[in-house]
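Residue strings, one per chain:
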Amino acid sequence: AQSVTQLGSHVSVSEGALVLLRCNYSSSVPPYLFWYVQYPNQGLQLLLKYTSAATLVKGINGFEAEFKKSETSFHLTKPSAHMSDAAEYFCAVSDNQAGTALIFGKGTTLSVSS
Amino acid sequence: NAGVTQTPKFRVLKTGQSMTLLCAQDMNHEYMYWYRQDPGMGLRLIHYSVGEGTTAKGEVPDGYNVSRLKKQNFLLGLESAAPSQTSVYFCASSYSNIHNEQFFGPGTRLTVL
């Protein structure tokens, strides 16, 4: 069965600092991996996805993530945080089997201070 | 395109009351999902549908029923609401399970007293 672990329920950075949100997955088959962002009182929005093509995936708003099979990780990074990045971030995994849905991590809240 | 819409946005129920949450999508997606979001728990799948007329149970289906009579609509029903069902409910849809990119609605905040 697939699972996702997000290390750190809350991450705080200063504006302009590096953002690193950690995600480790467990999957018995090659996974599809996703990062979603949720702004306050809104639904989830896709940031980026890994679907077995390039291991370094670029997403919206300057975010990127690198798939590392040996570490079973898919960490999300952004070189320079902006105040508008403050939100909750969810990592999710799918094994692409018929009829399955996404398995979400518990989320990481990112705070950005000026 | 409106994308995924949910009705209502907010609702307060008393224990034992029933209600139906409506999800609609205008993207001609085959797959639709209902999740609940609770603090510190992430999103947990309640039920999902892989096409019109089909439904299946997810991780936390107890106390909920669903129907997919039309491709664009996915209804979530609570027959006898309980305080444990106080949550934010999100509907999502996807074109297929190939890449499984899901598009989410804005959510329904339900409080059961």
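Residues numbered from 1 in each chain as written. Chains lettered and ligands numbered in written order. Predicted model: local features only at pLDDT ≥ 70, side-chain atom pairs only at ≥ 80, totals over all residues. Heavy atoms only, no water.

1. Some details on the environment of A:E64
Residues and elements named next belong to chain A.
At step 1: Tracing the sequence through the fold places E64 in strand 7 (residues 64–68).
At step 2: Spatially, the C-alpha atoms of E64 and G16 are 16 Å apart, while their sequence positions differ by 48 residues.
At step 3: Of the polar contacts made by the side chain of E64, one reaches the side chain of K58; its length is 2.8 Å. (Helix = DSSP H or I, 4+ residues; strand = E, 2+ residues; numbered from the N terminus. Polar contact = N/O pair within 3.5 Å; in protein donor to acceptor, adjacent residues only side chain to side chain.)

2. Comments concerning the interface of chain B and chain A
At step 1: With 22 residues of chain B in contact, the opposing surface of chain A contributes 24 residues.
At step 2: Counting the surface lost from both chain B and chain A, the interface buries some 1700 Å², and carbon and sulfur atoms represent 51% of this.
At step 3: Seen at the junction of chain B and chain A, the total is one salt bridge.
At step 4: A:K49 is paired through a salt bridge with B:E101; the nearest N and O atoms lie 3.2 Å apart.
At step 5: Run the count over chain B and chain A and you get three residue pairs in polar contact (both at pLDDT 80 or more).
At step 6: Listed by contribution, the elements that provide at least two residues to the side of chain B that touches chain A are strand 4 (31–38) and strand 5 (42–49) of chain B.
At step 7: Classifying every residue of the side of chain B that touches chain A gives twelve nonpolar, eight polar and two charged. (Contact = heavy atoms within 4.5 Å. Buried area = accessible area lost by both parts, 1.4 Å probe. Salt bridge = Lys/Arg side-chain N within 4 Å of Asp/Glu carboxyl O. Nonpolar A, V, L, I, M, F, W, Y, C, P; charged D, E, K, R; others polar.)

3. Side note on the side chain of B:S87
Residue and element names in this part refer to chain B.
At step 1: Mapped onto the secondary structure, S87 falls in strand 9 (residues 87–94).
At step 2: The exposure class of S87 is buried, given its relative accessible area of 5%.
At step 3: Within the structure, S87 has its side chain in polar contact with the side chain of D38 (distance 2.8 Å).
At step 4: Beyond its immediate chain neighbours, meaning those up to four positions away, S87 contacts R36, Q37, D38, T108, R109 and L110. (Buried < 20%, exposed > 50% of the residue type's maximum accessible area, 1.4 Å probe, protein only.)

4. Quick notes on the packing of aromatic side chains
Residues and elements named next belong to chain A.
At step 1: This structure, assessed with the given rule, holds 14 aromatic pairs over all chains.
At step 2: Here the aromatic rings of Y36 and F104 are separated by 5.9 Å at their centres, their planes lie at 55°, and the arrangement is tilted. Of this pair, Y36 sits in strand 4 (residues 32–38) while F104 sits in strand 10 (residues 103–104); the two residues are 68 residues apart in sequence, bridging distant segments of the chain.
At step 3: For F104, a relative accessible area of 8% corresponds to the buried category. (Phe/Tyr/Trp six-rings, centres within 6.5 Å; stacked < 30°, edge-to-face > 60°.)

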